[in-house]
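Spelled out from the first residue to the last, the chains are:
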Amino acid sequence: MSDEEVHFESKADAGASKTFPQQAGTIRKNGYIVIKNRPCKVVEVSTSKTGKHGHAKCHFVGIDIFTGKKLEDIVPSSHNCDVPHVTRTDYQLIDISEDGFVSLLTESGNTKDDLRLPTDENLLTQIKDGFGEGKDLVVSVMSAMGEEQINALKDIGRN
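Residue positions are given per chain, counting from 1 as you read along its sequence in written order. Local features are withheld for residues below a pLDDT of 70 in this predicted model, meaning they are given only at 70 or higher, and side-chain atom pairs are given and counted only at 80 or more; totals for whole chains, interfaces and linings count all residues. Side-chain figures throughout are based on the complete set of non-hydrogen atoms in the structure, without hydrogens or water.

Undergrad: What is the right way to read the overall build of the protein chain from this model?
TA: Counting secondary structure elements, the protein chain contains one helix and 11 strands. Each helix (α) and strand (β) of the protein chain, taken in turn from the N terminus, gives the series β-β-β-β-β-β-β-β-β-α-β-β. Working definition: with a 1.4 Å probe on protein chains only, accessible area under 20% of the residue-type maximum means buried, over 50% means exposed, and in between means partly exposed. When burial is assessed residue by residue, the protein chain has 31% of its 159 residues classed as buried. A contact between two residues is defined here by any heavy atoms of the two lying within 4.5 Å. Put simply, of all contacts in the protein chain between residues at least 6 apart along the chain, 48% involve residues at least 24 apart. Secondary structure follows DSSP: runs of H or I at least 4 residues long count as helices, runs of E at least 2 residues long count as strands, and numbering of each begins at the N terminus.

Take a look at the structure:
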């Protein structure tokens, strides 16, 4: 080969590291799947029999893990589907700013200030009330495909 260094610049983001392929027939209920470019939790899977010429098909019903919207997709069971890398991380809540952002303490002792309060009214009032009362709160942040959102709350009250 040559000694020249070749640099490839990717202009389009294919989302390659955000998902991994998995055969449609192996995805089960409570797993995750990407439907219409949204990370979803699978709530229902049904498989149809193969026709005269063709594949068995999997019908997925999923709930978007960030918006709560219901999405559906039908995929041949032998084909690959994208499955999002979903991670859940716990952070301690330090502060809530006036503009709706939260300040969180990471495991390493740094702060994370780029997350908004959740849109879920119930969770939002729990966080605001608990913080107002001076409780030690830990929030669970779910992240997938470059998006992050607070999805749960724990009171670790060290009284």
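After that view, the rundown keeps rolling.
Undergrad: Can you walk me through the sheet that holds strand 8 (residues 101-105) in this structure?
TA: The strands making up a sheet are joined through hydrogen bonds of the backbone, oriented either antiparallel or parallel. Pairing in this open sheet of five strands is antiparallel, and the strands run 9-8-7-10-11 from one edge to the other. A single partner strand is all that each edge strand has here, and the edge strands are strand 9 (111-116) and strand 11 (147-155). Neighbour-to-neighbour, the strand axes of the sheet open up by a mean angle of 45 degrees, direction not taken into account. For two strands to count as paired, DSSP must find a minimum of two bridges between them. One ladder, built from four bridges, connects strand 8 with strand 9; its direction is antiparallel. The residue bridging leucine 104 from the neighbouring strand is lysine 112, located in strand 9. An axis is simply a line fitted to the C-alpha atoms; with a helix, the fit covers only the stretch in contact. Between two such axes, the angle follows the N-to-C directions and lies from 0 to 180 degrees.

Undergrad: Looking at this structure, how should I read a negative patch on the surface?
TA: Note on patches: the residues involved have over 30% relative accessible area and no salt bridge, like charges join within 9 Å, and the nonpolar side chains Val, Leu, Ile, Met, Phe, Trp and Tyr join within 5 Å. Each accessible area is a Shrake-Rupley estimate made with a 1.4 Å probe; only the visible protein chains count as cover when residues are assessed. We define a salt bridge as a contact between a side-chain nitrogen of Lys or Arg and a carboxyl oxygen of Asp or Glu at a distance within 4 Å. Charge assignment: positive for Lys and Arg, negative for Asp and Glu; neither His nor the chain ends contribute. Positions of charges follow a simple convention, taking NZ of Lys, CZ of Arg, CG of Asp or CD of Glu. Together, Asp95, Glu98, Asp99 and Asp113 give the surface a local cluster of negative charge. Its location among the elements puts aspartate 113 in strand 9.

Undergrad: Just to check I follow, could you spell out the sheet that holds strand 3 (residues 38-47) for this structure?
TA: On the basis of which strands lie adjacent, the open sheet formed by four strands has the order 2-3-4-5 and antiparallel pairing. Each edge of the sheet is formed by a strand with only one pairing partner; in this case those strands are strand 2 (32-35) and strand 5 (70-76). With strand direction ignored, the average angle separating the axes of adjacent strands in the sheet is 45 degrees. The sheet contact formed by strand 4 (residues 57-64) and strand 5 spans seven bridges and is antiparallel.

Undergrad: Hey, could you run me through the nonpolar core in this one?
TA: Soluble, globular proteins show a tendency: their nonpolar side chains are buried together. As used in this record, nonpolar core signifies buried Ala, Val, Leu, Ile, Met, Phe, Trp, Tyr and Cys residues forming a set joined through side-chain atoms within 4.5 Å. Counting 14 residues, the largest nonpolar core has Leu93, Val102, Leu104, Ile127, Val139, Val141 and Ile150 as its most contacted members. Within the residue set of this core, elements represented by two or more residues are strand 7 (87-96), strand 8, helix 1 (121-132) and strand 10 (137-144). Listed in part, the 12 residues of the second largest apolar core include Ile35, Val42, Phe60 and Cys81.

Undergrad: Would you explain the layout of surface pockets in this entry?
TA: A probe as big as a water molecule, rolled over the atoms, marks out the empty space that is left. In this structure, the largest pocket encloses a volume near 190 Å³. In terms of residue count, the dominant contributor to the lining of the largest pocket is strand 11 (three residues). Tallied by class, the residues present in the lining of the largest pocket amount to six nonpolar, five polar and three charged. The rule is simple: put a 1 Å grid over the protein atoms alone, call a set of points where a 1.4 Å probe fits but cannot get out a cavity, call an open set with protein on both sides within 12 Å along at least five of seven lines a pocket, and count a residue as lining if it has an atom within 4 Å of a point. Grid points are joined across faces, edges and corners, and a volume is the space filled by probe spheres set on the points. In this count, Pro and Cys sit with the nonpolar residues alongside Ala, Val, Leu, Ile, Met, Phe, Trp and Tyr, while Asp, Glu, Lys and Arg are called charged and the others, Gly among them, polar.

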